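Close look at the chain arrangement
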Amino acid sequence: MHEHSHGGMNDWATDGLRLPLGHLPGTRYPDSRVEVLDKRFTARQGNAAIERIATGFRWAEGPVYFADGGYLIWSDIPNNRMMRWLEDDGHVSVFRTPSNHTNGNTRDREGRLVSCEHDSRRLTRTELDGEITVLIDNFSGKALNGPNDIVVASDGAIWFTDPGYGIDGPYEGHAAPAELPCNVYRLDPNSGNATVVASDFTRPNGISFSPDERRLYVVDTGITHGGPSHIRVFDVNGARLTNGRVFAEDFAPGMTDGLRTDAKGNVWCSMGWSDPAEDGVRCYAPDGDMIGKVHLPEACANLCFGGKKRNRLFMTASTSVYSLYLNMSGAMRP
Ligand code: MG
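Reference entry: report on the structure contained in this document. The shown structure was predicted, so the numbers you read here are calculated from the model rather than taken from an experiment.

What counts and what doesn't
- Residues numbered from 1 in each chain as written.
- Predicted model: local features only at pLDDT ≥ 70, side-chain atom pairs only at ≥ 80, totals over all residues.
- Heavy atoms only, no water.
- Helix = DSSP H or I, 4+ residues; strand = E, 2+ residues; numbered from the N terminus.
- Buried < 20%, exposed > 50% of the residue type's maximum accessible area, 1.4 Å probe, protein only.
- Contact = heavy atoms within 4.5 Å.
- Areas by Shrake-Rupley, 256 points an atom, 1.4 Å probe, with all protein chains shown as cover.
- Lys, Arg positive; Asp, Glu negative; His and termini not counted.
- Charge placed at Lys NZ, Arg CZ, Asp CG, Glu CD.
- Pairing = 2+ DSSP bridges.
- Axes fitted to C-alpha atoms, helices over the stretch in contact; angles between N-to-C directions.
- Donors = N, O, S within 2.8 Å, 3.2 Å for Na, K, Ca; no water.
- Salt bridge = Lys/Arg side-chain N within 4 Å of Asp/Glu carboxyl O.
- Core = buried A, V, L, I, M, F, W, Y, C linked by side-chain atoms within 4.5 Å.
- Polar contact = N/O pair within 3.5 Å; in protein donor to acceptor, adjacent residues only side chain to side chain.

**Focus: the overall build of the chain**
In terms of regular secondary structure, the chain is built from one helix and 28 strands. Dimensions of the chain along its principal axes, counting C-alpha atoms only, are 55 × 40 × 35 Å. Taken over 334 residues, the chain has a buried fraction of 59%. Partitioning the contacts of the chain with sequence separation of at least 6, the portion at a separation of at least 24 is 48%. Looking at the chain as shown, the accessible area adds up to about 12,900 Å², and 47% of this sits on carbon and sulfur atoms. Between the mean site of the 34 positive side-chain charges and the mean site of the 43 negative ones, the chain shows a separation of 3 Å.

**Description of the sheet that holds strand 18 (residues 204-209)**
Spatially, 18-19-20-21 is the arrangement adopted by the four strands of the open sheet, whose pairing is antiparallel. Two strands in the sheet have a free side with no partner beyond their single neighbour: strand 18 and strand 21 (240-248). Shown here is a sheet whose adjacent strand axes are inclined to one another by a mean of 25 degrees, direction ignored. When strand 18 meets strand 19 (residues 215-220), the two strands line up antiparallel, connected through four bridges. Paired with F209 across the bridge in strand 19 is L216.

**Quick word on the coordination of the magnesium ion**
The protein atoms that coordinate the magnesium ion are E61 (OE), N148 (OD1), N205 (OD1) and D257 (OD), at distances of 2.1 to 2.7 Å. Here the donor residues of the magnesium ion are spaced in sequence according to E-x86-N-x56-N-x51-D. Of this pair, E61 sits in strand 4 (residues 60-66) while D257 is found in the loop between strand 21 and strand 22 (259-261), placing the two residues 196 residues apart along the sequence. On the accessibility criterion, E61 (1% relative accessible area) is buried.

**Re the sheet that holds strand 10 (residues 122-126)**
What holds strands together in a sheet is hydrogen bonding between their backbones, with the strands either parallel or antiparallel. With respect to topology, four strands assemble into an open sheet ordered 8-9-10-11, the strand pairing being antiparallel. Two strands in the sheet have a free side with no partner beyond their single neighbour: strand 8 (102-107) and strand 11 (132-136). Direction aside, neighbouring strands of the sheet carry axes that sit 25 degrees apart on average.

**Some remarks on the pattern of salt bridges**
The final tally for this structure, using the stated rule, is 22 salt bridges. Ionic pairing is found between R40 and D287, a salt bridge with its closest N-O pair at 3.0 Å. Highlighted residues: R40 in the loop between strand 2 (34-36) and strand 3 (51-55) and D287 in the loop between strand 24 (280-284) and strand 25 (290-295), separated in sequence by 247 residues. On the accessibility criterion, R40 (33% relative accessible area) is partly exposed. A relative accessible area of 51% places D287 in the exposed class. In this structure, R112 and D108 form a salt bridge, with 2.8 Å as the shortest nitrogen-oxygen distance. A relative accessible area of 17% means that R112 is categorised as buried. Under the relative-accessibility criterion, D108 is labelled buried at 9%. Each of D108, E110, R112, R125 and E127 takes part in a single network of salt bridges with overlapping partners.

**Quick look at the nonpolar core**
Across soluble globular proteins, you tend to see nonpolar side chains buried next to one another. In this structure, W268, V294 and M315 are the most contacted members of the largest nonpolar core, which totals 23 residues. Per-element tally for this core: the top contributor is strand 27 (residues 312-317), with three residues. Beyond its immediate stretch of four places on either side in the chain, M315 contacts V281, V294, L296, C300, N302, L303, S320, V321, Y322, S323 and L324.

**Regarding the environment of V196**
Mapped onto the secondary structure, V196 falls in strand 17 (residues 194-198). Once the C-alpha coordinates of V196 and R240 are considered, the two residues, 44 residues apart in sequence, prove to be 8.9 Å apart. With residues near it in sequence (within four places) discarded, V196 still touches F139, N183, V184 and Y185.

**Side note on the side chain of R203**
Following the sequence through the fold, R203 ends up in the loop between strand 17 and strand 18. Its relative accessible area of 10% is what places R203 among the buried residues. Polar contacts involving the side chain of R203 include one to the side chain of D168, which spans 3.4 Å.

**Focus on unusual backbone geometry**
In this model, Y29 is joined to P30 through a cis peptide bond whose omega is -15 degrees. As for its position among the elements, P30 is in the loop between strand 1 (22-23) and strand 2. Cis peptide bonds are those with omega within 30 degrees of zero, and the linkage from A252 to P253 qualifies with 5 degrees. Its identity as a non-glycine residue notwithstanding, N80 has a phi of 55 degrees, on the positive side. Mapping N80 onto the fold places it in the loop between strand 5 (71-76) and strand 6 (81-86). In this structure, N243 is a non-glycine residue whose phi angle is positive, near 55 degrees. For N243, the position within the fold is in strand 21.

In structure tokens:
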């Protein structure tokens, strides 16, 4: 394969299901599927390449890494299960089923798993003894649409999106009427009360703070329902969001779904549903410039950072999970 040969990528991009586990066909260091668009993209590790670490899912989402246990958990939404991959030997097993069609996952400041459940239309926390605590399932007495993605701030506040893809039909939940607008919420850790922090999204989806928590990035996947396909950014003022503006908008006719920020404040987001050559992950500098891409053979829904040294990118992409070692280390949110 030639460097930056999108034609070559298309050959395997449309043949994703037949790929085995391990490094992708044609792997050669440095991996030409990791595309440097700007010198600020310093994350590419020269002697590393994309690996497919697990496959056989229907719609992989919500990756979250546990350094203490050395494993990755993610959701397989249509199959109503959550999966776990062990980093030491690559073993994959079912972590939880039924999962109530869980979608996004993260960890709170105490390290507990916090999850967005489509079918039961609620947020849950998995306690350290395995008990499940319901954090919220309604707002003002009306059922949530179905939380999609989630992030926990350093003060313990839980910020989440509620677009309602789980009530669109039976595949990722069950068909039901929406009782609420597609809001972004903040769940206060002390009172347990939720407030609407953004109400002008068509379909709010992925959500992540900048490392200093002064900014909040939120994806709008409204293109699935006649709306926009972009990432917005807000200034965080305590429990409120202000100064909302578009951060990145060059996704249509495809879209991004999930995102995370790295220690430098770069925004890593998933990409898919358009040209197969664009499937994968994009990296944006804090000023909104796209500085790098990771090309995958399948549409990518979400990603997280992990690994013992926090230098490993995990990507849930359609039927598979992919991993890539990066030239970085440091504090990155679960
Ligand atoms: Mg999502």
